[in-house]
Amino acid sequence: SHSINLAVIPGDGIGQEVVAQGLKVLAAVLPQDVKLETEEYDFGARRYHATGETLTDADLDSLKKHDAILLGAIGDPSVPSGVLERGFLLKLRFAFDHHVNLRPSKLLPGVATPLAGQPEIDFVVVREGTEGPYTGNGGTIRKGTPHEVATEVSVNTAFGVERVVRDAFARAQARPRKKLTLVHKNNVLTFAGHLWTDTFHKVAQEYPEVTTDYLHVDAATIFLVTDPARFDVIVTDNLFGDIITDLAAAVSGGIGVAASGNINPSREFPSMFEPVHGSAPDIAGQGKADPTATVLSVALLLRHLGYEAEAARVEKAVEADLTERGATVRTTDEIGDALAARVAS
Ligand code: IPM
Ligand code: MN
């Protein structure tokens, strides 16, 4: 029989509430003979205030032994901006080499979109997760003077670009439409842009069935609003991916339903699954948070660990729940219970 040894990081604000629902659904969907073990970690604002720590090397050693990580949300207005972002989230993504930041966008039935009509939206963004301008490669000189110079270097390696482009081609190949769009800005960012474009064309030779397309990132933002149906799989760098996936979430039902995976495809280190939304301290502890994005992140977690049938059951349950939800107002707990009941039956 199998087992899943899961690290659970509820984090701050609504993180606690939504993660509890994700675990509820996970426990309900797993077959009887799969043993689910969970260990909770207290990372986030409280730990930072109590100890000054965000994520230590010892913490990373503990996390390493798990099969996967489920994260709620990290962040609180009481912590200066950037401390937890760099000290926790990015540190973890880099330490565990989460180079595939997977962000699906699917407009599900019953979900409102700000776009006119009810466009067909079903694409997935493969955002590079360990390079680009996120590496902290930069500096400031003449700080505080009118002549201050700040640099923030975008790091793009042949190794890093090729592995994420390959992952995206494999994902496109596995989908019915088999279409992959590279999003970059190779008319201006010519050094990195050419590395991405050349790598994209090289790997494309191995995937003759995949239709390829290229868009500059600014044009991509237009099409995400005017014609989102044109997208199937998108591959892009870390910062472009950060920006376009917020837009993608906004047009496909909002961050209440946007899921993500920080994936290490080799499984050398555990992958981490989290809702795209933040800790929403304004509504924390009130039972108002929608746990759907966390539950959909649990589906990505299941798929990553090889539980495809269970992942599909969770996604179907969410679709059915959203379809029937209508204008009903339910608590976080009630939505979690309803989803757990659906996947169990
Ligand atoms: C995200 C977030 C993070 C990012 C921040 C919090 C560091 O915006 O997961 O998209 O920029 O990657
Ligand atoms: Mn973001």
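Please read these numbers as outputs of a predicted model, since none were measured by experiment.

(A) The arrangement of the site of ligand 1 in detail. Surrounding ligand 1, one finds Glu85, Leu89, Leu90 and Asp242. Looking at which element gives the most residues to the shell around ligand 1, the answer is helix H4 (residues 83-95), with 3 residues. Here the shell around ligand 1 is composed, by residue class, of 2 nonpolar, no polar and 2 charged.

(B) View of the confidence of the model for the protein chain. For the protein chain, mean pLDDT is 96; residues scoring 70 or higher make up 100% of the total. Of the two predicted TM-score estimates for the complex, the pTM is 0.96 and the ipTM is 0.99.

(C) Looking closely at helix H5 (residues 158-173). Across its 16 residues, H5 extends 22 Å between first and last C-alpha, which sits within 8% of the 22 Å expected from 1.5 Å per residue. Of all the positions in H5, only Gly160, Val161, Arg163, Val164, Val165, Asp167, Ala168, Phe169 and Ala172 are classed as buried. Buried residues along H5 sit in contact with strand E4 (100-106), strand E5 (122-128), strand E8 (179-184), helix H6 (190-204) and strand E10 (233-236).

(D) Inspection of the nonpolar core at higher detail. Membership of the largest hydrophobic core comes to 88 residues, with the highest contact counts inside it found for Val25, Leu70, Val126, Val298 and Val314. Ranked by the residues each element gives to this core, the list is headed by helix H9 (residues 292-304), at 8 residues. Here this core spans two domains, since at least three of its residues come from each of domain 1 (1-98 + 274-345) and domain 2 (113-252).

(E) Expanded view of the UniProt feature "binding site: substrate" (unreviewed entry) in the protein chain. The residues that UniProt annotates with the feature "binding site: substrate" (unreviewed entry) are Arg93, Arg103, Arg127 and Asp218. A maximum C-alpha distance of 26.3 Å among these annotated residues, which run over 126 residues, shows that they spread across the structure rather than meeting at one spot. Its place among the elements puts Arg127 in strand E5. Take Arg127: there are 28 C-beta atoms within 10 Å of it, and that puts it in the buried class. Positionally, Asp218 belongs in helix H7 (residues 217-226). Residue classification places Asp218 among the exposed residues on the basis of 12 C-beta atoms within 10 Å.

(F) Examining the domain arrangement of the protein chain more closely. Assigned domains of the protein chain: these are domain 1 (1-98 + 274-345) and domain 2 (113-252). A C-alpha centroid distance of 26 Å is found between domain 1 and domain 2. Its residues placed into classes, the side of domain 1 that touches domain 2 shows 3 nonpolar, 1 polar and 2 charged.

(G) Representation of the sheet that holds strand E3 (residues 68-73) in the model. Taken in spatial order, the 10 strands make up an open sheet running E2-E1-E3-E12-E11-E4-E5-E10-E8-E9, and their pairing is mixed. Two strands in the sheet have a free side with no partner beyond their single neighbour: strand E2 (35-40) and strand E9 (211-216). Across the sheet, the axes of successive neighbouring strands diverge by a mean angle of 20°, strand direction being ignored. Where E3 meets strand E12 (residues 271-275), 3 bridges bridge the pair, whose relative direction is parallel. Across the sheet, the residue bridging to Ile69 is Met272, located in E12.

Parameters and conventions
- Residues numbered from 1 in each chain as written.
- Chains lettered and ligands numbered in written order.
- Predicted model: local features only at pLDDT ≥ 70, side-chain atom pairs only at ≥ 80, totals over all residues.
- Near = placed C-beta within 6 Å.
- Helix = DSSP H or I, 4+ residues; strand = E, 2+ residues; numbered from the N terminus.
- Nonpolar A, V, L, I, M, F, W, Y, C, P; charged D, E, K, R; others polar.
- pLDDT = per-residue confidence, 0-100.
- Expected span 1.5 Å × (residues − 1).
- Buried ≥ 20, exposed ≤ 12 C-beta atoms within 10 Å, placed from the backbone.
- Contact = placed C-beta atoms within 7 Å.
- Core = buried A, V, L, I, M, F, W, Y, C linked by C-beta atoms within 7 Å.
- Domains from an automatic or database assignment.
- UniProt positions renumbered as here; feature names shortened; annotations may be inferred.
- Pairing = 2+ DSSP bridges.
- Axes fitted to C-alpha atoms, helices over the stretch in contact; angles between N-to-C directions.

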